[in-house]
Amino acid sequence: MKKEEILAKVASGELPVEQASKLLDEVEQTRRPQLYCKVSPKGALSLYGLQRMPVTLYVEQWERLLAFSDELRKFIEEHQAELKRKDR
């Protein structure tokens, strides 16, 4: 069942809000693919499931990015009001 169908059933009174909430959570879970990694033909690490195309970086780049994760989290926290979130 799609999100629109669930919402239409709630609006018409066919579906209780609690049940609709559970169904919407299930729809969200199925829409977000699991993250997984592969080694590219050139020996880089590709991360799939984040966006339509994989994010591919060499190991050194991933290590730099991971080492920067604390600063990145702090930056996101400090700039919450300016940042937009993509609805999924």
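This text goes with the structure placed above it.
Definitions and cut-offs
- Residues numbered from 1 in each chain as written.
- Predicted model: local features only at pLDDT ≥ 70, side-chain atom pairs only at ≥ 80, totals over all residues.
- Heavy atoms only, no water.
- Helix = DSSP H or I, 4+ residues; strand = E, 2+ residues; numbered from the N terminus.
- Rg over C-alpha atoms; globule rule 2.2 N^0.38 Å.
- Buried < 20%, exposed > 50% of the residue type's maximum accessible area, 1.4 Å probe, protein only.
- Contact = heavy atoms within 4.5 Å.
- Lys, Arg positive; Asp, Glu negative; His and termini not counted.
- Charge placed at Lys NZ, Arg CZ, Asp CG, Glu CD.
- 1 Å grid on protein atoms, 1.4 Å probe; cavity = no way out; pocket = protein on both sides within 12 Å on 5 of 7 lines; lining within 4 Å.
- Points joined across faces, edges and corners; volume = space filled by probe spheres on them.
- Patch = residues over 30% accessible without salt bridge, like charges linked within 9 Å, V, L, I, M, F, W, Y side chains within 5 Å.
- Areas by Shrake-Rupley, 256 points an atom, 1.4 Å probe, with all protein chains shown as cover.
- Salt bridge = Lys/Arg side-chain N within 4 Å of Asp/Glu carboxyl O.
- Pairing = 2+ DSSP bridges.
- Axes fitted to C-alpha atoms, helices over the stretch in contact; angles between N-to-C directions.

**Q** Can you help me understand the overall build of the protein in this one?
**A** Tallying secondary structure elements over the protein gives four helices and three strands in all. Whereas a compact globule of 88 residues would reach a radius of gyration of roughly 12 Å, the protein reaches 19 Å, over 25% beyond that. With the C-alpha coordinates of the protein rotated into their principal frame, the extents come out at 55 × 35 × 15 Å. Sorting the 88 residues of the protein into buried and exposed places 11% on the buried side. Residue pairs at least 24 apart in sequence account for 9% of intrachain contacts in the protein once pairs closer than 6 positions are excluded. One finds the centroid of the 16 positive side-chain charges in the protein at a distance of 6 Å from the centroid of its 15 negative side-chain charges.

**Q** Sorry, what's going on with the layout of surface pockets here?
**A** By rolling a water-sized probe across the atoms, one finds the places where empty space is left. Quantified by volume, the largest pocket comes out at close to 670 Å³. Along the walls of the largest pocket sit 20 residues, with Leu35, Leu50, Leu72, Ile76 and Arg85 positioned nearest its centre. Where the lining of the largest pocket is concerned, the elements lending two or more residues are helix 3 (59-67) and helix 4 (69-78). At four residues, the largest contribution of residues to the lining of the largest pocket is made by helix 4.

**Q** When you look at a nonpolar patch on the surface in this model, what are you seeing that I'm missing?
**A** A surface patch of nonpolar side chains, about 510 Å² in accessible area, is lined by Leu65, Phe68, Leu72, Phe75, Ile76 and Leu83. Turning to its location among the elements, Leu83 is positioned in the segment after helix 4. Taking the relative accessible area as the measure of exposure, Leu83 reaches 42% and is therefore partly exposed.

**Q** When you look at the side chain of Ser46 in this model, what are you seeing that I'm missing?
**A** Note on placement: Ser46 falls in strand 2 (residues 45-48). The class of Ser46 is buried, set by a relative accessible area of 3%. In contact with Ser46, other than residues within four places in its own chain, are Tyr36, Cys37, Lys38, Ser40, Pro54, Val55 and Thr56.

**Q** Would you take a moment to explain the sheet that holds strand 1 (residues 36-39) for this structure?
**A** In any sheet, the strands associate via hydrogen bonds between backbone groups, in a parallel or an antiparallel arrangement. Ordered in space as 1-2-3, the three strands form an open sheet in which the pairing is antiparallel. If you trace the sheet from one side to the other, it starts and ends with strand 1 and strand 3 (55-57), each paired once. On average, each strand axis in the sheet is tilted by 25 degrees relative to the strand beside it, whichever way the strands run. With three bridges joining them, strand 2 and strand 3 adopt antiparallel strand pairing. Bridge pairing links Leu45 to Leu57 in strand 3.

**Q** Looking at this structure, I do not really get the pairing of strand 1. What am I missing?
**A** Here is the key point about a regular strand: its side chains alternate between the two faces of the sheet. Direction of pairing for strand 1 relative to strand 2: antiparallel, over a ladder of four bridges. Across the sheet, the residue bridging to Lys38 is Ser46, located in strand 2.

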